[in-house]
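Secondary and tertiary structure notes
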Protein chains: 2
Amino acid sequence: MKHGLVVVKTGEGKGKTTAALGVLFRAWGRDFRVRMFQFIKHSTARFGEHRAAKKLDIRIEAMGDGFTWLSKDTDRTTALAVAQWERCREAILEGGEDIIILDEFTYAMHYGWVPVEEVLDALRRRPEGMHVIITGRYAPEELVEFADLVTEMKLVKHPYQEQGIRAQPGLEY
Amino acid sequence: MKHGLVVVKTGEGKGKTTAALGVLFRAWGRDFRVRMFQFIKHSTARFGEHRAAKKLDIRIEAMGDGFTWLSKDTDRTTALAVAQWERCREAILEGGEDIIILDEFTYAMHYGWVPVEEVLDALRRRPEGMHVIITGRYAPEELVEFADLVTEMKLVKHPYQEQGIRAQPGLEY
């Protein structure tokens, strides 16, 4: 029996978006309908995941404003996040996907761009078998309460901090 | 400058293998040479990742004995693990890959089937730009010491324990 889960991947450690991409890979292997919305990465990003998704005709849709919590134009940032969330909500309620991934969406809630209650409302109204995965630091308490499966990625050791090594293509983006 | 990293994904939480699959997806998107060895999953497993890898001609090689730490024939289990590790070591030293993933390999060290020192020796002798990712619970202390990047997946909430829900295809396998 298919049971749709709300999955949250949070915490300071590496591997939240990466694990969501692993699900995308698995789901694609099973011919599931899967779609990913990104909230932080710039829409012009051509990371490994975007290249792979393009080759496989998987939909990864970015928000289009880069690392927006550093933005000085908060009105614009809020508007972009709200518009992206509207697209997500539509996809959730339409019910055409088996798995929907909201990548780095926790920030939109954490910074108050999108009200958590509105998100929970959409999640409650989604089709029964649909899985929704939400990634990012600072997952709001209400979301953790609501979710079925929550993993916290904990940083044990990080070479970029400790050794001054930059993020590596293929591995991290 | 390409800098090969040793990455460990450990801990009780979900998402270790899944994050490794995310790396595989990204790396494939960049036309990197990537190869995954699995230590626990049975060689006849046809999980989402195996289906996807087959479609994309990515090499995922399983060990062939299922969840072996429950095995009653420990000699056979040890022999299988050692043989699988030999294949990994060869691939690491050959240097033909950009990224090598040793999935659930920590168990082979934890249960004493493969000596940690032998693993560290091979990792030290790998080509400079090669990334090696090792997943699984109970990562040995010496490996954590040696690794460049270590993430612990921490279980916050788990529906299979709390609600009696079974693992979901596409999401988890």
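What comes next is a walk through the structure. (Residues numbered from 1 in each chain as written. Chains lettered and ligands numbered in written order. Predicted model: local features only at pLDDT ≥ 70, side-chain atom pairs only at ≥ 80, totals over all residues. Heavy atoms only, no water.)

**Considering the overall build of chain A**
Going by this rule: Helix and strand labels come from DSSP, where a helix needs a run of H or I of at least four residues and a strand needs a run of E of at least two; each type is numbered from the N terminus. C-alpha atoms define the radius of gyration, and 2.2 Å times the number of residues to the power 0.38 defines the globule rule. Type-normalised accessible area, obtained with a 1.4 Å probe on protein chains alone, sets the label of each residue: buried when under 20%, exposed when over 50%, and partly exposed for intermediate values. Two residues form a contact once any of their heavy atoms are found within 4.5 Å. Areas reported here follow the Shrake-Rupley algorithm with a probe of radius 1.4 Å; residue values treat only the protein chains shown as occluding. Neither His nor the chain ends is counted toward charge; the positive residues are Lys and Arg and the negative residues Asp and Glu. Charge placement uses NZ in Lys and CZ in Arg. For Asp and Glu, CG and CD serve respectively.
Per the secondary structure count, chain A includes seven helices and six strands. Along chain A, from the amino end to the carboxyl end, the secondary structure elements read β-α-β-α-β-α-β-α-α-β-α-β-α. Taking 2.2 N^0.38 as the reference for a compact globule, 173 residues should give roughly 16 Å; the C-alpha atoms of chain A span a radius of gyration of 16 Å, in line with that estimate. C-alpha atoms of chain A, sized along the principal axes, occupy 45 × 40 × 30 Å. Here chain A holds 173 residues, and 59% of them are scored as buried. Long-range pairs, those at least 24 residues apart, make up 74% of the contacts in chain A between residues at least 6 apart in sequence. Summed over its atoms, the accessible surface of chain A is roughly 7,400 Å², and 47% of this surface lies on carbon and sulfur atoms. Separation between the mean location of the 25 positive side-chain charges and that of the 26 negative ones in chain A comes to 7 Å.

**Digging into helix α2 (residues 48-56) of chain A**
By the burial criterion, the buried members of α2(A) are A:Gly48, A:Glu49, A:His50, A:Ala52, A:Ala53 and A:Leu56. Contacts from the buried residues of α2(A) go to α1 (16-29), β2 (34-38) and β3 (59-61) of chain A together with α1 (16-29) and α2 (48-56) of chain B. Note on α2(A): the residue one or two positions beyond its end, A:Asp57, has a positive phi of about 65°.

**Some details on the packing of α1(A) against α1(B)**
Selection rule: Orientation is described by axes fitted as lines to C-alpha atoms, over the contacting stretch for helices, and by angles from 0 to 180 degrees between their N-to-C directions. Any angle between 65 and 115 degrees counts as roughly perpendicular, while under 35 counts as roughly parallel, over 145 as roughly antiparallel, and the rest as oblique. Under the scheme applied here, ten amino acids are nonpolar (Ala, Val, Leu, Ile, Met, Phe, Trp, Tyr, Cys and Pro), four are charged (Asp, Glu, Lys and Arg), and all others, including Gly, are polar.
The geometry of α1(A) relative to α1(B) is characterised by a closest axis approach of 6 Å and an angle of 80° between their N-to-C directions. With respect to α1(B), the axis of α1(A) lies roughly perpendicular. For the pair formed by α1(A) and α1(B), the contact residues are A:Thr17, A:Thr18, A:Ala19, A:Leu21, A:Gly22, A:Val23, A:Leu24, A:Phe25 and A:Arg26 on the first element and B:Thr17, B:Thr18, B:Ala19, B:Leu21, B:Gly22, B:Val23, B:Leu24, B:Phe25 and B:Arg26 on the second. Its residues assigned to classes, the contact of α1(A) with α1(B) shows ten nonpolar, six polar and two charged.

**Some points on the relation of the copies chain A and chain B**
Using the following cut-off: Superposition of the copies used a least-squares fit over C-alpha atoms from residues whose pLDDT is at least 70 in both.
Between chain A and chain B, which share one sequence, the superposing operator has a rotation angle of 180° and an axial displacement of 0.0 Å; the RMSD is 0.0 Å. As the rotation angle and translation indicate, the two copies are arranged about a two-fold axis. A high fraction, 100%, of the interface residues of chain A reappear at the interface in chain B, so the copies pair face to face through one surface.

**Some words on the nonpolar core**
What counts is decided by this rule: Among buried residues, the Ala, Val, Leu, Ile, Met, Phe, Trp, Tyr and Cys ones that are joined through side-chain atoms within 4.5 Å form a nonpolar core.
The biggest cluster of nonpolar side chains holds 44 residues, and the ones touching the most others in it are A:Phe25 and B:Phe25. For this core, the secondary structure elements donating two or more residues are α1, β2, α2 and β4 (99-103) of chain A together with α1, β2 (34-38), α2 and β4 (99-103) of chain B. In contact with B:Phe25, not counting residues within four places along its chain, are A:Leu21, A:Leu24, A:Phe25, A:Gly48, A:Glu49, A:Ala52, A:Ala53, A:Leu56 and A:Ile58.

**So, the packing of aromatic side chains**
Note the threshold: Only Phe, Tyr and Trp rings are paired, with Trp represented by its six-membered ring, and only when their centres lie within 6.5 Å; those with planes under 30 degrees apart are stacked, over 60 edge-to-face, the remainder tilted. Counting as a charge over the ring demands two things of the Lys NZ or Arg CZ atom: a distance within 6 Å of the ring centre and an angle within 35 degrees of the ring normal.
Tallied over the full model, the rule gives eleven aromatic pairs over all chains. Ring centres 4.5 Å apart and planes at 40° place the aromatic pair A:Phe39 and A:Phe105 in the tilted group. Of this pair, A:Phe39 sits in the loop between β2 and α2 while A:Phe105 sits in the loop between β4 and α4 (106-110), and the two are 66 residues apart along the sequence. Judged by its relative accessible area of 2%, A:Phe39 is buried. Overall, A:Phe105 belongs to the buried group, its relative accessible area being 0%. Just above the ring of B:Trp28 sits the side chain of A:Lys55; from NZ or CZ to the centre is 4.3 Å.

**Some points on the pattern of salt bridges**
All names here are of chain A. Filter applied, for reference: In what follows, salt bridge is the name for a side-chain nitrogen of Lys or Arg lying within 4 Å of a carboxyl oxygen of Asp or Glu.
All told, the structure shown has 24 salt bridges over all chains when counted by the stated rule. A salt bridge links arginine 89 to glutamate 86, with the nearest nitrogen and oxygen atoms 3.0 Å apart. Of this pair, arginine 89 and glutamate 86 are both found in helix α3 (residues 74-94), three residues apart, which corresponds to roughly one turn of the helix. For glutamate 86, a relative accessible area of 33% translates into the label partly exposed. Between arginine 124 and glutamate 117 there is a salt bridge whose closest N-O contact spans 3.3 Å. One continuous salt-bridge network, built from bridges that share partners, spans Arg35, Arg59 and Glu61.

**Brief notes about the pairing of strand β6 (residues 149-157) of chain B**
As a reminder, the rule being used: Strands pair, by our definition, only if DSSP identifies at least two bridges between them.
By the bridge criterion, seven bridges tie strand β6 (residues 149-157) of chain A to β6(B) in an arrangement that is antiparallel. In the strand pairing of β6(B), A:Val150 is matched with B:Lys157. Both strand β1 (residues 6-10) of chain B and β6(B) contribute to a ladder of four bridges, which runs parallel. From the neighbouring strand, B:Lys9 faces β6(B), where its bridge partner is B:Thr151.

Take it as geometry only, folks, not as evidence of what the structure does.
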